[in-house]
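Close look at the chain arrangement
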Amino acid sequence: MQQRKPTAGRPSGTDGSDFSYRMVVDSRYTKVTKEKARLRPLIFVQAAIYVIGLSCAFLTTTKKDEKNTLAIAAAVAGLVCSLIGELGCRRSRVNLLRLYTAASTIVMVLSVFCAVRSRLTMEERNSSGTTAKLELAGFICAQLGAVVQILAIIVTGSLVNNMSPPTKAA
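The residue count restarts for each chain, going from 1 along the sequence in the order it is written. Residues qualify for local features only when their pLDDT is at least 70, as the model is predicted, and side-chain atom pairs are given and counted only at 80 or more; totals for whole chains, interfaces and linings, by contrast, use all residues. For the side-chain quantities, the full set of heavy atoms in the structure was used; hydrogens and water were omitted.

1. Remarks on the nonpolar core
Test applied: Side-chain atoms within 4.5 Å link the members of a nonpolar core, which is a set of buried Ala, Val, Leu, Ile, Met, Phe, Trp, Tyr and Cys residues. When a residue's accessible area, from a 1.4 Å probe over protein chains only, is under 20% of the maximum for its type it is buried; when over 50% it is exposed; and in between it is partly exposed. Only runs of H or I of at least four residues qualify as helices and only runs of E of at least two qualify as strands under DSSP, and these elements are numbered from the N terminus. In what follows, residue pairs with any heavy atoms lying within 4.5 Å of each other are defined as contacts.
Within the largest apolar cluster, 16 residues are counted, with the highest numbers of intra-cluster contacts made by Leu39, Leu42, Leu97, Tyr100, Leu159 and Met163. Those elements that provide at least two residues to this core are α1 (27–59), α3 (94–120) and α5 (129–163). Ranked by the residues each element gives to this core, the list is headed by α5, at 7 residues. Beyond its immediate stretch of four places on either side in the chain, Tyr100 contacts Leu39, Ile43, Gln46, Cys81, Ser82, Ile84, Gly85, Ala152 and Thr156. One finds Leu54, Ala57, Ala71 and Ile72 within the second-largest nonpolar core, a separate group that totals 6 residues.

2. A few points about the state of the cysteines
Any covalent bond linking the sulfur atoms of two cysteines counts as a disulfide. The cut-off we apply is this: We call a pair of cysteine sulfur atoms a disulfide when they lie within 2.5 Å.
Evaluated as defined, the whole model comprises 0 disulfides. Unpaired in terms of disulfides, Cys56 finds its nearest cysteine sulfur in Cys141, a separation of 6.0 Å. The class of Cys56 is buried, set by a relative accessible area of 8%.

3. Here's the deal with the side chain of Gln149
We apply this condition: A 3.5 Å cut-off defines polar contacts: any pair of N or O atoms within that distance qualifies, except that in protein one atom must be a possible hydrogen donor and the other a possible acceptor, and neighbouring residues in sequence count only when both atoms are side-chain atoms.
Relative to the elements of secondary structure, Gln149 occurs in helix α5. On the basis of relative accessibility, which here comes to 4%, the residue Gln149 falls in the buried class. At a separation of 2.4 Å, a polar atom in the side chain of Gln149 contacts the side chain of Gln46. Not counting chain neighbours up to four residues away, the residues in contact with Gln149 comprise Gln46, Thr101, Ser104, Thr105 and Met108.

4. Concerning the pattern of salt bridges
Any two side chains of opposite charge can pair, so long as their charged atoms come close to each other. Put simply, the test is: By salt bridge we mean one thing: a side-chain nitrogen of Lys or Arg within 4 Å of a carboxyl oxygen of Asp or Glu.
Applying the stated criterion to the full structure yields 3 salt bridges. Note that Arg38 and Glu35 form a salt bridge whose closest N and O atoms lie 3.4 Å from each other. Of this pair, Arg38 and Glu35 both sit in helix α1, 3 residues apart, roughly one helical turn. Arg40 is paired through a salt bridge with Glu86; the nearest N and O atoms lie 3.3 Å apart. Note that Arg40 is positioned in helix α1 and Glu86 in helix α2 (residues 69–91), a separation of 46 residues in sequence.

5. Description of the confidence of the model for the chain
Applied cut-off: Each residue carries a pLDDT score, the predictor's confidence in it, ranging from 0 to 100.
Looking at the chain as a whole, its pLDDT mean stands at 83, while 78% of the residues score no less than 70. Averaged pLDDT values for the elements of the chain fall to 69 in helix α4 (residues 122–125) and rise to 93 in α2.

6. Some thoughts on a nonpolar patch on the surface
Convention followed: Surface patches are drawn from residues lacking salt bridges whose relative accessible area is over 30%; two like charges belong together within 9 Å, two nonpolar side chains (Val, Leu, Ile, Met, Phe, Trp, Tyr) within 5 Å. Every accessible area reported is derived by Shrake-Rupley at a probe size of 1.4 Å, with residue values counting cover from the shown protein chains alone.
Side chains of Leu70, Ile106, Leu110 and Phe113 sit close together on the surface and give an oily, nonpolar patch of about 340 Å² of accessible area. The element best represented in the nonpolar patch is α3, accounting for 3 residues. Inspection of the secondary structure puts Phe113 in helix α3. Taking the relative accessible area as the measure of exposure, Phe113 reaches 46% and is therefore partly exposed.

Following this line, the structure appears as structure tokens:
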């Protein structure tokens, strides 16, 4: 840690002679705080996207079709990943944040795959107007989720690097 630079005037609660011993917070700790503040809304947006994807997966199933199990499983796994990410962010656990990054990336790839597959097979199934609109909403959500995932990977990577202790040169 660096020592605080002397300032004009005496700080309150001291006699003024201890200014050279005061310490300032290392810059990486302030970066951690800023990155946490940037990651939390991203996790919330991801969770909202997974909820929308889950509802679209349930609402687009018809009685004659079987449920889109892969899309439902991906959305539920995404919600669990969002919870892991929030816990890792809140408790400053690097391993949880790494698990969140890896697992949510896999889940997002699955969600995009399900959305693309649904859009490609929509014409074959002769989807009605409402079902087609819901599938389009699910497709747009999956694409937005991919963009949010890229941002979350960048922010989480920076957060993990600043949370990890600096390596000492040999």
